[in-house]
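The residues making up each chain are set out below.
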Amino acid sequence: MKNSKSSDLFDIAKTLMPGGVSSPVRAIKPYPFYTAHARGSHLTTVDGASLLDCCMAYGPLILGHASPQVRQAVEAQLDHGWLYGTPSPLEPEFAKMITGDHPGMDMVRFVSSGSEATMAAIRLARGFTGKRDIVKIEGGFHGAHDAVLVKAGSGATTMGVPDSAGVLADLVKHTRQIAYNDPEALEALLTAHTDVAALIIEPVLGNIGPVLPENNYLRDVRKITKAHDVLLIFDEVITGYRLGIGGAQVMYGIRPDLTTLGKIVGGGLPIGAFGGRQEIMQLIAPQGPVYQAGTFSGNPLSLTAGIATLRYLHAHRTLYNDLAEQTRALEESLIPQENGSFVRLGSMFKYFFRNKPPKNYREVKECDTGAFGRFWKRMLDCGIFLPPSQFETNFISSAHSDQDLTTLSQAYTQCR
Ligand SMILES: *Cc1c(COP(=O)(O)O)cnc(C)c1O
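Remember, it's a predicted structure, so these values are computed and weren't measured experimentally. (Residues numbered from 1 in each chain as written. Predicted model: local features only at pLDDT ≥ 70, side-chain atom pairs only at ≥ 80, totals over all residues. Heavy atoms only, no water.)

What about the sheet that holds strand E3 (residues 50-53)?
Consider a sheet: its strands pair through backbone hydrogen bonds, and that pairing is either parallel or antiparallel. Applied cut-off: Strands are treated as partners if at least two bridges between them are detected by DSSP. Secondary structure elements are defined from DSSP: runs of H or I of at least 4 residues count as helices, runs of E of at least 2 residues count as strands, and each element is numbered from the N terminus.
Spatially, the four strands line up as an open sheet ordered E1-E2-E3-E13, and their pairing is mixed. Since the sheet does not close on itself, it has two edges, and those belong to strand E1 (35-39) and strand E13 (384-385), each with one partner.

The following block contains the structure:
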């Protein structure tokens, strides 16, 4: 592997780009493999290796790489242009689909990334309530902007910088932290602090996990936030259309005040969206005083890819059961080990190097990351690409065959 094309490319990239990459988790040591092309459930590297992909670009690709449905729709749209700077008919069409699927979304605004969506949702919550602070869950990840880069999951935890340099202490003192699965702590915090505009939460912690909500936790969160007049923001950038149509809010029967989406709703192209109750959303400019804007917002290519994906998911609803069945069978095929635990929900899963499934950020950090690192490398040698961190969720897609899952299961057993 030494004089590989990947290592040569990384040597050049390192001199031109910080860490050699465009996003931190990709900086695999000693060097990342470079992808030449991808299709279905597999990536092909520039050095010719074919890898079974269980990272799936960190979540968006529920229909697999280069899915024919998305490809055909995008190709047809290319003939009509890819950026207008004016409204297009795709917007009301897509907005109707998304609001129809989410009980918590009467109206929606399209943006270009999940980070943008959460940033705007937090601003909107402050604008609506006139209150100052926000509460986030320890280990929750809501993108890479200032207000939420405190005890953040994803790459921030992997790289050991959950609290970013360059973020003003004056600003993040308005971001309060609370442990996941601890409704009493939330109740105590909101009783002690009355100036809280919103709680932002990944209903299922996807950026250090998956870490699953305990019985009734989300119901309690809804009750407590309502009682304290605090808006509940469900960050469903991962869970939206991943857990099913309508995401976690439908699965768990909770109606948040605001919802953020991204990843799957772009069908693999850049996107974000936020929405919520009408009385809140109508404060967004130009209807109201909370400003939000973007050159690429609602761009026709992302919307086309999103519409094609959602249409497919609507027409093939059994796909969610099939994916859940595949991860269930995977779990069943694994021999329980003392130093590990397997967690799954639908098409999300993870092998934690901890004897019991973690239920919050503190417990996730108890995982043996050294053991994970060795396991990850052995899996790669076996032709399996897992997200390169103990703290990132594995995903499968509708392009993953039962044979792929058998291959994965054998690798788990033999390479562990
Ligand atoms: C990925 C993610 C984001 C950020 O989305 P980007 O498109 O990467 O900006 C926000 N929230 C959650 C829950 C995510 O998983």
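Focus on the pairing of strand E2 (residues 42-45)
Relative to E2, E1 runs antiparallel, the two being bridged by four bridges. Within E2, the position partnered with Ala38 by the bridge is Leu43. In this structure, the hairpin formed by E1 and E2 is closed by a connection of two residues, where Gly40 is found at a positive phi of approximately 60°. Inspection of the sheet shows E2 paired to E3 by three bridges, in the antiparallel sense. Bridging from a neighbouring strand, Thr44 pairs with Ser50 of E3.

A look at the site of the ligand
Selection rule: Whether a residue is near a molecule or strand depends on its heavy atoms: it is near if one of them lies within 4 Å of it. N or O atoms within 3.5 Å of each other form a polar contact, as long as, within protein, one can give a hydrogen and the other can take it, and as long as residues adjacent in sequence are counted only when both atoms are side-chain atoms. For this scheme, ten residues count as nonpolar: Ala, Val, Leu, Ile, Met, Phe, Trp, Tyr, Cys and Pro. Four count as charged, namely Asp, Glu, Lys and Arg, and the remainder, Gly too, count as polar.
Neighbouring the ligand are the residues Ser113, Gly114, Ser115, Phe141, His142, Gly143, Glu202, Asn207, Asp235, Val237, Ile238 and Lys263. Between Gly114 and the ligand, the recorded distance is 2.8 Å, taken from a backbone N or O atom to an oxygen atom. Here an oxygen atom of the ligand sits 2.6 Å away from a polar atom, N or O, in the side chain of Ser115. Residue classes in the shell around the ligand are distributed as three nonpolar, six polar and three charged.

Considerations on the packing of helix H14 (residues 369-381) against helix H15 (residues 402-415)
The relative placement of two packed helices is expressed as an angle between their axes plus a distance between the axes. Our working rule: Lines are fitted to the C-alpha atoms to define the axes, a helix being fitted only along its stretch in contact, and any angle between axes, read from their N-to-C directions, falls within 0 to 180 degrees. Put simply, angles under 35 degrees are roughly parallel, angles over 145 are roughly antiparallel, angles from 65 to 115 are roughly perpendicular, and the rest are oblique. By definition, any crossing whose near helix is turned counterclockwise from its far helix by less than a right angle is left-handed, and any crossing with a clockwise turn is right-handed. We call two residues contacting when some pair of their heavy atoms lies within 4.5 Å.
Put simply, H14 and H15 touch, their axes get as near as 10 Å, and they point 130° apart. Here H15 runs oblique to H14, going by the angle between their axes. As for how H14 packs across H15, the hand of that crossing is right-handed. Taken together, the residues of H15 that come into contact with H14 (itself represented by Phe375, Arg378 and Met379) are Leu408, Ala411, Tyr412 and Cys415. Classifying every residue of the contact of H14 with H15 by side-chain character gives six nonpolar, no polar and one charged.

Things to note about the pattern of salt bridges
What counts is decided by this rule: By salt bridge we mean one thing: a side-chain nitrogen of Lys or Arg within 4 Å of a carboxyl oxygen of Asp or Glu. Partly exposed describes any residue whose relative accessible area lies between the buried limit of under 20% and the exposed limit of over 50%, with all areas from a 1.4 Å probe on protein chains only and scaled to the type maximum.
This structure, assessed with the given rule, holds 19 salt bridges. For Asp11, the salt bridge goes to Lys14, with nearest N and O atoms at 3.6 Å. Of this pair, Asp11 and Lys14 both sit in helix H1 (residues 5-16), separated by three residues, roughly a single helical turn. The exposure class assigned to Asp11 is partly exposed, which follows from its relative accessible area of 42%.

With respect to the packing of helix H3 (residues 90-101) against helix H11 (residues 300-315)
Running from N to C, H3 and H11 cross one another at 40°; their axes reach a closest spacing of 10 Å. By the angle between their directions, the pair H3 and H11 is classed as oblique. The two elements H3 and H11 meet at a crossing, and its hand is left-handed. Judged by residue contacts, Leu90, Glu91, Glu93, Phe94, Met97, Ile98 and Asp101 of H3 engage Pro300, Leu303, Thr304, Gly306, Ile307, Leu310, Arg311 and His314 from H11.

Brief notes about the nonpolar core
In plain terms, the rule: Joining through side-chain atoms within 4.5 Å is the link that ties buried Ala, Val, Leu, Ile, Met, Phe, Trp, Tyr and Cys residues into a set, and such a set is a nonpolar core. For the purposes of this description, domain bounds are those given by an automatic or database domain assignment.
If you look at the biggest cluster of nonpolar residues, it comprises 58 residues, and the most contacted ones within it are Phe94, Ile98, Tyr241, Met379, Phe385, Leu408 and Tyr412. Here this core gathers at least three residues from each of two domains, domain 1 (4-54 + 317-415) and domain 2 (69-314). Not counting residues within four places of it along the chain, the set of residues in contact with Leu408 comprises Leu52, Cys54, Leu330, Phe349, Met379 and Ile384.

As for the domain arrangement of the chain
Convention followed: Accessible-area loss on putting two parts together, using a 1.4 Å probe and summing over both, is the definition of buried area adopted here.
Partitioning the chain into structural domains gives domain 1 (4-54 + 317-415) and domain 2 (69-314). Listed per partner, the contact involves 25 residues of domain 1 and 33 residues of domain 2. For the pairing of domain 1 and domain 2, the buried interface totals around 2500 Å² over both sides, and the portion due to carbon and sulfur atoms is 63%. The three residues of domain 1 that bury the most area against domain 2 are Tyr320, Leu345 and Tyr361, which together make up 29% of that side's buried surface. At the junction of domain 1 and domain 2, the tally comes to zero salt bridges. Run the count over domain 1 and domain 2 and you get eight residue pairs in polar contact (both at pLDDT 80 or more). For the side of domain 1 that touches domain 2, the secondary-structure elements that each account for two or more residues are helix H12 (318-333), strand E11 (341-345), strand E12 (348-352) and helix H13 (361-364).

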